[in-house]
Amino acid sequence: MAPVLAIRDLDIRFRTGAGELHAVKRVSFAIEKGETLAIVGESGSGKSQTMLAALGLLAANGGVTGSAKLNGIELVGASQSALDELRGRKVAMIFQEPMTSLDPLYTIGAQLVKVLRRHKPISRVAAREEAAALLDRVRIPDAAARLDSYPHEMSGGQRQRVMIAMALAHGPDLLVADEPTTALDVTIQAEILELLGALQRELGMAIAFITHDLGLVRRFAKRVIVMRGGEIVEHGAVADIFSMPKHDYTKALLDAEPAGRKAPVAADAPIVLTADDIRVEYEILRGMFGRRTLMVKAVDGVSIALRAGETLGLVGESGSGKSTLARSIVRLAPATGLVRFEDRALLPLSKSEIRPIRKTLQMVFQDPYGSLSPRMSVGEIVSEGLRVHEPGLTASQRDARAASALEEVRLDPEMRRRFPHEFSGGQRQRIAIARAIVLRPKLVILDEPTSALDRTIQKAIVELLRDLQARHGLAYLFVSHDLATVRAMADRIAVMKDGKIVEEGETESLLANPRADYTRRLLAAAFTGKVERVKGIEPSS
Amino acid sequence: MSTAGNSLWADAARRLRRNRAATASLAMLILLALACVFGPMLVGNAYDRVYPDYVRVPPSLQAQPTADLIAPAVERIASRLRARATDISRDGDTLKIVLEAPRAIDERSLAFFERSDLFAAARVMSREDDGKRLTVEVPLERNYFFFGTDGNGRDLLARTLIAGRVSLAIGLLATFVAISIGVVYGAVAGFAGGRIDALMMRAVDVLYSLPFIFFVIMLVVFFGRNFVLMFIAVGAVEWLDMARIVRGQTLSLKRREFVAAAETLGVSATGILTRHIVPNTLGPVVVYTTLLVPKVILLESFLSFLGLGVQEPMTSWGVLIADGARNIQGNTHLLVFPAIFLTTTLFCLNFLGDGLRDALDPRDR
Amino acid sequence: MLGFVLRRFLSAIPTLFVVITLSFFLMRLAPGGPFDLERPLEAKIMENLQRAYGLDLPLHEQYLRYLGNLLRGDLGPSFFMRDFSVAQILMQGLPVSMALGGGAILLALVLGAGLGAFAAMRQNTGADHAVVGFATAGVTIPNFVVAPVLQIVFGLTLAWLPVGGWNNGALRNVILPVIVLALPQIAVVARMTRAAMIETLRADHIRTLRSLGLGGRHVAEHGLRAALLPVVSYLGPTAAALLTGSVVVETIFGLPGIGRYFVEGALNRDYTLVMGTVVVVAVFVLVFNLIVDILYALLDPRVRYE
């Protein structure tokens, strides 16, 4: 049987300001009719660029050589108008960012009608009817009415459904799905994947499933390609690769799930932090002088406690209030209630009264790109807290402390003369951790410290954090949406939803026997795929 | 990678150096500025020195007086001496003139030569016919008017350079005023946030609705055509954009995690402003500055063009262009030279601004 | 939507009030008066004149009187052009200025957006560089340089068009001033459209269009619509400024528009004429800001009418 897409010696180079970047190095593979091929790799592996190049969608500074044949028709070097005849009809693509993939200025009905009429000679009215049917097919409730909605009026999951509807409008032979669920919450992820599986069986199309998440691969695909640094390092049946990975990199990837467990704390360890009945309400200013206001309850009466050396995992989906709670403890968000840190009530303190306490109460943020001041050198960044809390130190003493803190997070201390933009995401997060531990804190609040990183790097950061905790007896408040990481980090877990804690307990028992309905759903979405395929997503063979 | 590391400024400088249009513009601007600052001392003619004998001389690389100017000038002086020049011969920079008159020529009247812009003092070589025939030697007074002269006989090169001083000075000073007000206002509004911010920005909105060209004209007309007032007026009007830009920057920087990180470290408000916020607003400020300078220069020349700006004998490019536009028929050089200087400056500043923006914000390329 | 328009309209009234108050007192604080001639008038005549125009009253009373008259739509008599009321002068000047400004705005929008979009679709090609070069020239070469050059070339050398004059708005007389007025605006709009469109063409939703076979025309359409947002907010105040007269162009081409009356009024301390012009211009600015708000809301569904 002839493959849907046959890629031969595909080679991609980008001209950049810093010279040429060889993104994809002569890769060859094929996708058979109706099959699901997973293309796995971390950021920079070239997995997305390969498929974008095949569809003629590379950025303007990219150059392609080699061959990519769709149903025997050469795509590389084809004219844009020839490609336009195929794209949307024979091959379509869905992208990672549902928030930005749709044009914000047009209704989704208008966008769907445009797509339908591009390859089909039908009237506007007929196209609109068909658009409603398509929305219905991707299970958007009240489809006909939603045609007049604008993208910003829909949630991320719904937008991704619209995107799928547009991609499948003409029943393509091949759907390229580029990390279609990465930006979504886990429960929504599961729904979208299930939808894709159902539609695939219905339409019999092939799917190229690009992902960094091996858990999804096992759930979704039969065959897999592992890419790294622009090359295919391993290629084979999913079952074989999972049971007998040949390449070291594949092994590392499979092993990249944060493993191990945290050693338990002593029962008599002193309590470092208690937070009682914490509420955070936001006022949204309206009107020209901000006279009218709207109250939003982000955190709604939450209580937690933390012992020295203990890690509390704070779990929830976006909008659950978990980050706001964490920020309210370090007074980055205005809260009411009682926060007691080492026998001092924090909330009534003035800015200058709380300053000395901050030395032992530190925070690491989610975005390693945003949390480092771009115009300061790494040394300045790491030692900034010392300026505040140990003003007696000379510049060279500060520098020495910064160097040893960098060593502790396993970075070359020589790097302190460089600037944040010269580092990778994982290195930057290490710098952020160094900035926190240089002050020798007792409690560190970790706000999704690993979620912007690749799996293999996540694993290393988790190990580093556990290691630092053991060495310095740190207490962690670990905020995350990723249950696998939380399992590897936390003694106890608190699950948050809509500003409230719905369930709290010891890590192992909570994961084994979730009581709250919401926790069960969360767990099902996050873990079941790792052991068995989700019902109904079996690809047709 | 070297261990020294590259700050974002160093990176930007490197990118700017690669932008040929921007570097050429920068070099050109430096050249222009040097010419305007030091040029007037080297030209040899003061910008306000009037040469009555050189009115509307066309531009020329040759020394004045040129041959075709000499004979008529000699004739004119001769007629004042009630004599005729019967023979004029030239030897390098000196003329040998034979003057003949029906009566004896009063030698004191030879001072007319010296009074002319063309000649130095005349020396009598020989006297014949009882002084009715004089042979005099007159050295030529050499003058260069590379850009020609204006309707009053003033050296256009000197005037253009002096005008450049004025235009550039106004451009820089007014921009400085505008940027200072704008940065402070915007940073305060953005950092304060909430109702203070809303109120301060509402005031900016009101000022935006003022017909500002009309306001500048009113200021200048009613309070006198004063150099200082000019740039205060312009600066006071042009700060609005800067305030908006800086406020927007401050607001978005305030939400960035590195500011939150500094707060959790216990860094004071001053520390946050000076180490984390201000350095990061400087990029857009620098870019806006390079784009505001040409705007202000243009505004000044516009006011001068209307006769509301710099007053004679002081001059600016706008004044010269206005003068040139009035005399455009037959004397195009009066328009061409100041216009070239002005547009070159504006062009270069714009290219430099564009280059800086690309260099400081590499996403745009 | 109607409520939104009404609210915006009401919020413009305090702004107008501030503008009027500011101009009124600024003008009065300045030294000199409308009847300061080179040869001073006799004290008696001066006193009579002052009384006739109400200038003898305390300043705040003059101010209140002016506001009262303004509410009744009375802009007062001109101090300098004694036979005319300010309203009459403005009614004469406004059509001239609006004809020029309207033409220039139209040219700026059509040619500017067209050139900008054309260049953006061909980024870094020769055509793109040509547009950028033209746009930079248009922004930097002042119109009081362009105007005399065009006058020489088309008015005198080729003798195709008149050098100046209004001639009851004959097309031949309007062409040069409109072009001079429009050139810098075409340039600004072209630069803006180009920059905004290049930005949009890199957006994810444009990639989505291309991935669905909606290249070429569709990409241009979606890109241009997004790129027009900044252009609209730029053109609002600019339109107000152009429609209420360009001082330079009206002076150079000898056209009887608002801009020229304003400068003459200011030079002659014609308080009422200056005030009248400022009021008219401010109203235009506010109206066009309102139009921009409405257009913006129509173009961008994310703007909410609150």
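For the rest of this paragraph, the subject is the interface of chain C and chain B. If you look at the interface, chain C gives 45 residues, while chain B gives 38 residues. Note on chain C versus chain B: buried area summed over both sides is about 3500 Å², and carbon and sulfur give 79% of it. The largest per-residue losses of area from chain C upon contact with chain B belong to Leu26, Thr140 and Phe144 of chain C, which jointly make up 17% of the total buried on that side. The interface formed by chain C and chain B contains 1 salt bridge. The tally of links between chain C and chain B comes to 1 residue pair in polar contact (both at pLDDT 80 or more).

Moving on, we come to the environment of isoleucine 164 of chain A. Residues and elements named next belong to chain A. Of note, isoleucine 164 is situated in helix α6 (residues 156-167). When the C-alpha positions of isoleucine 164 and aspartate 11 are compared, they lie 29 Å apart, and in sequence the two are 153 residues distant. Once residues lying within four places of it in the same chain are set aside, the contact partners of isoleucine 164 are Ile94, Val138, Ile192, Leu195, Leu196 and Leu199.

A few words on the sheet that holds strand β20 (residues 500-506) of chain A. All names here are of chain A. Read across the sheet, 6 strands follow the order β16-β17-β18-β13-β19-β20 without closing on themselves; strand pairing throughout is mixed. Strands with a single pairing partner mark the edges of an open sheet, and in this sheet they are β16 (361-364) and β20. Taking the axes of each pair of neighbouring strands and ignoring which way they run, one obtains an average angle of 15° across the sheet. In this sheet, strand β19 (residues 492-497) lies alongside strand β13 (residues 311-315) in parallel orientation, the contact comprising 4 bridges. Note that in β19 the partner of leucine 314 across the bridge is alanine 494. In this fold helix α11 (residues 322-329) packs onto β13, β16, β17 (443-447), β18 (475-480) and β19, with an angle of close to 150° to the strand it touches most, β18. Strands in contact with helix α16 (residues 455-472) are β13, β17 and β18; relative to β18, the strand with the most contacts, it is inclined by about 160°.

Here we take up the layout of surface pockets. Roughly 890 Å³ of volume is contained in the second largest pocket. Surrounding the second largest pocket, 25 residues form its lining, Arg331, Leu332, Ala333 and Lys351 of chain A together with Glu263 of chain B being those nearest its centre. Counting residues per element, the ones that place at least two in the lining of the second largest pocket are α12 (351-358) of chain A together with α8 (227-254), α9 (257-265) and α10 (269-305) of chain B. Counting residues per element, the lining of the second largest pocket draws most heavily on α12 of chain A, at 4 residues.

Take the interface of chain A and chain C next. By convention, interface size is frequently given as the accessible area that disappears when the constituent parts associate. At the junction of the two partners, chain A supplies 30 residues and chain C supplies 24 residues. Both sides together, the interface formed by chain A and chain C hides about 2400 Å², and carbon and sulfur atoms give 58% of it. On the chain A side of the contact with chain C, Leu105, Tyr106 and Lys114 of chain A bury the most area, a combined 27% of that side's loss. The tally of links from chain A across to chain C stands at 1 salt bridge. Taking the shortest distance from any N to any O, the salt bridge between glutamate 221 of chain C and lysine 114 of chain A comes out at 3.0 Å. Linking chain A to chain C there are 13 residue pairs in polar contact (both at pLDDT 80 or more). Those elements that provide at least two residues to the side of chain A that touches chain C are α2 (80-86), β6 (91-94), α3 (108-119) and α6 of chain A. It is α3 of chain A that provides the largest number of residues to the side of chain A that touches chain C, a total of 4 residues.

Along the chain, aspartate 103 of chain A falls in the loop between β6 and α3. Assessed through its relative accessible area of 2%, aspartate 103 of chain A is described here as buried. Ignoring any residue separated from it by four or fewer positions in sequence, one finds aspartate 103 of chain A in contact with Gln111 and Pro151 of chain A together with His205 and His222 of chain C.

Glancing now at the pairing of β18 of chain A. In summary, the side chains of a regular strand alternate between the two faces of the sheet. Residue and element names in this part refer to chain A. Across the 6 residues of β18, 6 count as buried, placing the element largely inside the fold. Both β13 and β18 contribute to a ladder of 5 bridges, which runs parallel. Across the sheet, residue leucine 312 finds its bridge partner in β18, namely leucine 477. Crossover handedness for the path β17 to α16 to β18: right-handed.

Here the focus is the pairing of strand β4 (residues 123-128) of chain B. Residue and element names in this part refer to chain B. Of the strand pairs in this sheet, β4 and strand β5 (residues 133-139) are connected by 5 bridges, and their pairing is antiparallel. Each bridged residue has a counterpart across the sheet, and for valine 124 the counterpart in β5 is valine 136. The hairpin turn running from β4 into β5, its antiparallel successor, is 4 residues long, and aspartate 129 in that turn takes a positive phi close to 50°.

We now examine unusual backbone geometry. The residue aspartate 343 of chain A is not glycine, and still its phi comes out positive at about 70°. Of note, aspartate 343 of chain A is situated in the loop between β14 (336-341) and β15 (344-345). The class of aspartate 343 of chain A is exposed, set by a relative accessible area of 66%. Phi is positive for asparagine 124 of chain C, close to 65°, though the residue is something other than glycine. Under the relative-accessibility criterion, asparagine 124 of chain C is labelled partly exposed at 48%.

Moving on to the packing of aromatic side chains. Given two aromatic rings, one states the distance between the centres and the angle between the planes to describe the pair. All chains considered together, the criterion is met by 12 aromatic pairs over all chains. Arranged with centres 5.3 Å apart and planes meeting at 75°, the rings of phenylalanine 24 of chain C and phenylalanine 25 of chain C form a pair that is edge-to-face. With a relative accessible area of 2%, phenylalanine 24 of chain C lands in the buried category. According to the relative accessible area criterion, phenylalanine 25 of chain C is partly exposed, its value standing at 26%. Taken together, a centroid distance of 6.0 Å and an interplanar angle of 40° make the contact between phenylalanine 24 of chain C and tyrosine 66 of chain C tilted. Here phenylalanine 24 of chain C is found in helix α1 (residues 2-29), whereas its partner tyrosine 66 of chain C is found in helix α3 (residues 59-71), with 42 residues between them in sequence. When sorted by exposure, phenylalanine 24 of chain C lands in the same class as tyrosine 66 of chain C, which is buried. Each residue in the set Phe147, Trp317, Phe337 and Phe341 of chain B is aromatic and connected to the rest through ring pairs, giving one cluster. A cation over a ring is seen here: lysine 497 of chain A above tyrosine 518 of chain A, with NZ or CZ 5.2 Å from the ring centre.

Moving on, we come to the packing of helix α4 (residues 86-121) of chain C against helix α7 (residues 171-201) of chain C. Residues and elements named next belong to chain C. The N-to-C vectors of α4 and α7 enclose an angle of 35°; their axes lie 6 Å apart at closest approach. For α4 against α7, the interelement crossing comes out right-handed. Its residues assigned to classes, the contact of α4 with α7 shows 22 nonpolar, 6 polar and 1 charged.

Time to look at empty space enclosed by the protein. Over the atoms, a rolled probe matching the size of one water molecule traces out where space is still vacant. Residue and element names in this part refer to chain A. One pass over the full model with this rule turns up 1 cavity of 30 Å³ or more. In this model, the largest cavity occupies a volume close to 30 Å³. Around the largest cavity, the lining residues are Asp185, Val186, Val315, Gly316, Glu317, His481 and Leu522.

When the domains of chain B are assigned, the result is domain 1 (8-45 + 149-364) and domain 2 (64-144). Domain 1 of chain B and domain 2 of chain B are separated by 54 Å when their C-alpha centres are compared.

Turning next to the pattern of salt bridges. One pass over the full model with this rule turns up 39 salt bridges over all chains. For the salt bridge of arginine 279 of chain A with aspartate 300 of chain A, the shortest nitrogen-to-oxygen distance reads 2.8 Å. Of this pair, arginine 279 of chain A sits in strand β11 (residues 271-286) while aspartate 300 of chain A sits in strand β12 (residues 292-307), and the two are 21 residues apart along the sequence. For arginine 279 of chain A, a relative accessible area of 33% gives the class partly exposed. In this structure, arginine 191 of chain C engages aspartate 354 of chain B in a salt bridge whose closest nitrogen and oxygen atoms are separated by 3.1 Å. Highlighted residues: arginine 191 of chain C in helix α7 and aspartate 354 of chain B in helix α12 (residues 333-360), drawn from two different chains. Connected through salt bridges with shared partners, the residues Asp277, Arg279, Asp300 and Lys500 of chain A form a single ionic network.

Rules behind the numbers
- Residues numbered from 1 in each chain as written.
- Chains lettered and ligands numbered in written order.
- Predicted model: local features only at pLDDT ≥ 70, side-chain atom pairs only at ≥ 80, totals over all residues.
- Heavy atoms only, no water.
- Contact = heavy atoms within 4.5 Å.
- Buried area = accessible area lost by both parts, 1.4 Å probe.
- Salt bridge = Lys/Arg side-chain N within 4 Å of Asp/Glu carboxyl O.
- Polar contact = N/O pair within 3.5 Å; in protein donor to acceptor, adjacent residues only side chain to side chain.
- Helix = DSSP H or I, 4+ residues; strand = E, 2+ residues; numbered from the N terminus.
- Pairing = 2+ DSSP bridges.
- Axes fitted to C-alpha atoms, helices over the stretch in contact; angles between N-to-C directions.
- 1 Å grid on protein atoms, 1.4 Å probe; cavity = no way out; pocket = protein on both sides within 12 Å on 5 of 7 lines; lining within 4 Å.
- Points joined across faces, edges and corners; volume = space filled by probe spheres on them.
- Buried < 20%, exposed > 50% of the residue type's maximum accessible area, 1.4 Å probe, protein only.
- Right-handed = clockwise from strand over helix to strand, strands pointing away.
- Phe/Tyr/Trp six-rings, centres within 6.5 Å; stacked < 30°, edge-to-face > 60°.
- Lys NZ or Arg CZ within 6 Å of the ring centre and 35° of its normal.
- Left-handed = near helix turned anticlockwise from the far one by under 90°.
- Nonpolar A, V, L, I, M, F, W, Y, C, P; charged D, E, K, R; others polar.
- Domains from an automatic or database assignment.

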